[in-house]
Amino acid sequence: MSTVFELIIAGELPGRFVWADESCVAFLTIAPISAGHTLVVPREPVRQFTAAPDELLAHLTGVAAAIGRAQEAAWPTSRAAVLVAGFEVPHLHMHVLPAWGEAELSFANARADVPAHELDAAAELLRGALRDGGLGAQVPVSPDSPTL
């Protein structure tokens, strides 16, 4: 049985992609805690972060840091945060989001009611910040496809 992330990566479900490389993709979540909340997901399914090879974890962490720097450039945030929980989807993923304090880093703060145009605007702002940061080669040509 495919996870929702495998379906998004395969193009069977929509995604707002901001990053794509040979090992992973990153796309905005449909239930963000803050604007720009992005998921960094390996292309190959790994059930949880403790089951991932060290090289993959290092790569995902580097991608999460690049996205976090772009979020810091795109939004007036005090920092970017990373959460690795993985209970909702059994496919390793890192949540990277603009944050202003620890209290807001709760999935109880996730919004499922964000209009599509706001998610689209946040994705485009983040793609622009990645390009401005010299990472345009990893920004997908099509925002709804994980291919370069």
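Notes on the structure follow. (Residues numbered from 1 in each chain as written. Predicted model: local features only at pLDDT ≥ 70, side-chain atom pairs only at ≥ 80, totals over all residues. Heavy atoms only, no water.)

## Some details on the overall build of the protein chain
From N to C terminus, the protein chain includes three helices and five strands. Listing each helix as α and each strand as β along the protein chain from the N terminus yields α-β-β-β-α-β-β-α. Computed over its C-alpha atoms, the radius of gyration of the protein chain comes to 14 Å, within 12% of the 15 Å expected for a compact globule of 148 residues. Principal axes of the C-alpha set define a box for the protein chain whose edges measure 35 × 35 × 30 Å. A buried classification covers 44% of the 148 residues belonging to the protein chain. Put simply, of all contacts in the protein chain between residues at least 6 apart along the chain, 59% involve residues at least 24 apart. Total accessible area on the protein chain stands at roughly 7600 Å², and carbon and sulfur atoms take up 57% of it. Seen as two clouds, the 8 positive and the 17 negative side-chain charges of the protein chain have centres 3 Å apart. (Helix = DSSP H or I, 4+ residues; strand = E, 2+ residues; numbered from the N terminus. Rg over C-alpha atoms; globule rule 2.2 N^0.38 Å. Buried < 20%, exposed > 50% of the residue type's maximum accessible area, 1.4 Å probe, protein only. Contact = heavy atoms within 4.5 Å. Areas by Shrake-Rupley, 256 points an atom, 1.4 Å probe, with all protein chains shown as cover. Lys, Arg positive; Asp, Glu negative; His and termini not counted. Charge placed at Lys NZ, Arg CZ, Asp CG, Glu CD.)

## Notes on the pairing of strand E2 (residues 24-28)
Taking burial as the measure, the five residues of E2 include five buried ones, the bulk of the element. Burial along E2 is two-sided: Cys24, Ala26 and Leu28 and Val25 and Phe27, pointing in opposite directions, are all buried. Pairing of strand E1 (residues 17-20) with E2, which is carried by three bridges, proceeds in the antiparallel orientation. Paired with phenylalanine 17 across the two strands is phenylalanine 27, which belongs to E2. Between E1 and E2, which follow one another and run antiparallel, lie three residues. Across five bridges, the pairing between E2 and strand E3 (residues 38-42) is antiparallel. When the bridges of E3 are listed, valine 25 appears paired with valine 41. (Pairing = 2+ DSSP bridges.)

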